[in-house]
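Single-letter residue listing:
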Amino acid sequence: MLIFETVSALQNYLTKNNFLSIGFVPTMGALHQGHLSLIEKAQHENELTVCSIFVNPTQFNKQEDLIKYPRNVPNDVVLLKSVITKNVVLFLPSVQEIYPKKSNKKYYFNSLSEVMEAQHRPGHFDGVAMVIERFLEIINPTNAYFGEKDFQQLAVVRALVNQLNSAVKIVGCPIVRAQSGLAMSSRNERLSESQKELATKIFEVLCFAKQHAKKMSIKNIKQHIIKTLAATNSITLEYFELADGNTLKSIINWEDSSYCVAFIAVHIGGVRLIDNMTLFNDF
Ligand code: AMP
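Residues numbered from 1 in each chain as written. Predicted model: local features only at pLDDT ≥ 70, side-chain atom pairs only at ≥ 80, totals over all residues. Heavy atoms only, no water.

Asks: With reference to specific residues and values, describe the overall build of the protein chain.
Replies: Broken down by element type, the protein chain carries 10 helices and nine strands. Relative to the globule expectation of 19 Å for 283 residues, the C-alpha radius of gyration of the protein chain, 19 Å, shows essentially globular dimensions. Here the protein chain holds 283 residues, and the buried ones make up 52% of them. For the protein chain, the share of sequence-separated contacts (at least 6 apart) that also reach a separation of at least 24 residues comes to 73%. Accessible area of the protein chain: about 13700 Å², with a carbon and sulfur share of 50%. (Helix = DSSP H or I, 4+ residues; strand = E, 2+ residues; numbered from the N terminus. Rg over C-alpha atoms; globule rule 2.2 N^0.38 Å. Buried < 20%, exposed > 50% of the residue type's maximum accessible area, 1.4 Å probe, protein only. Contact = heavy atoms within 4.5 Å. Areas by Shrake-Rupley, 256 points an atom, 1.4 Å probe, with all protein chains shown as cover.)

The structure is reproduced here in structure tokens:
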């Protein structure tokens, strides 16, 4: 597997080979099965797959979170090699390569910029949009792959590509979960075994919401979930929202939307975890 550390080296390679299609999978490393599922899909659908590993400093609203973010490039290389069936290259740029000039560009994506992750992590999506815009400019991929695990991010990226009038196709990929139901995440590496077990409550409460959608009032579902998590004494709920899957605007009554997604963010022992589940999509 070829590894490129500079923009010019990657671009020289892409120009020389003139691939029919390029699939791009941006990641921040500490790879797991969730990331690998994106790589596998990209390989199926493109002549070349470019995977990037870049812990993007502009999307961290807390310096401490950036410092503690898990990094293990040698292990990532082993994992990537284990799923290669076609052309895959790894792009491992430095901060200087991605941001040669300091920028604090601001983006606006209507309601997507105002709710949930945008509200709780100010500036986060400006950083995400900034890095994705830069990667698209460098790689000019045919398709780019994003996990539904970061549902709001996927929506923001779709909105960004619209704003940029970019021809890249954004492909959403399903959430990969551990057998316990816990959504795979690089941040899970920071949890102890008992905290991981506790974290399965996140999946449990999402399943509860799905089972009781349209049968119980939204207010009662929320109350039940708040109580269930509080009873653990170790999970701090940041938000639990039911929102329209397109606009991400909050749903107050079941009739407010025909595409309803439950979103959750919690803290367990200083680790922030997010997850989501589609409750119904009647389209
Ligand atoms: P990250 O390295 O966390 O920035 O994630 C890189 C990409 O992998 C993003 O598009 C994520 O949504 C996606 N991803 C992360 N975890 C999962 C998962 N459990 N299932 C599917 N996709 C995931």
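Asks: Can you break down the site of the ligand residue by residue, with the values?
Replies: Residues in contact with the ligand amount to 17 residues; listed here are only the nearest, Met28, His35, Asp150, Val176 and Met184. Within the contact set of the ligand, an oxygen atom lies 2.8 Å away from a side-chain nitrogen or oxygen of His35. Against a free-state accessible area of 490 Å², the protein chains account for coverage of 93% of the ligand. Mapped by element, the contributors of at least two residues to the shell around the ligand are strand S2 (22-27), helix H2 (33-45) and strand S5 (143-147). Among the elements that take part in the shell around the ligand, H2 stands out by supplying three residues, more than any other. (Near = heavy atom within 4 Å. Polar contact = N/O pair within 3.5 Å; in protein donor to acceptor, adjacent residues only side chain to side chain.)

Asks: So, the sheet that holds strand S6 (residues 169-173): which residues are in play, and what are the values?
Replies: In space, the six strands of this open sheet follow the order S1-S4-S3-S2-S5-S6, with parallel pairing throughout. Sheet topology places strand S1 (2-4) and S6 at the edges, where each strand pairs with a single neighbour. Here the strands of the sheet are splayed against their neighbours by 25° on average, with no regard to which way each runs. Where S2 meets S5, two bridges bridge the pair, whose relative direction is parallel. Residue pairing across strands places Phe24 opposite Ala144, the latter belonging to S5. (Pairing = 2+ DSSP bridges. Axes fitted to C-alpha atoms, helices over the stretch in contact; angles between N-to-C directions.)

Asks: Describe in detail the pattern of salt bridges, supporting the description with residues and values.
Replies: A side chain with one charge may pair with a side chain of the opposite charge, provided their charged atoms come close. A complete count under the given rule lists 14 salt bridges for this structure. One salt bridge connects Lys68 with Glu64, and the closest N-O pair in it is separated by 2.9 Å. You can see Lys68 and its partner Glu64 sitting in helix H3 (residues 63-68), four residues apart, about one turn around the helix. With relative accessibility at 42%, the residue Lys68 sits in the partly exposed group. A network of salt bridges, in which partner residues are shared, links Asp65, Arg121, Arg187 and Arg190. (Salt bridge = Lys/Arg side-chain N within 4 Å of Asp/Glu carboxyl O.)

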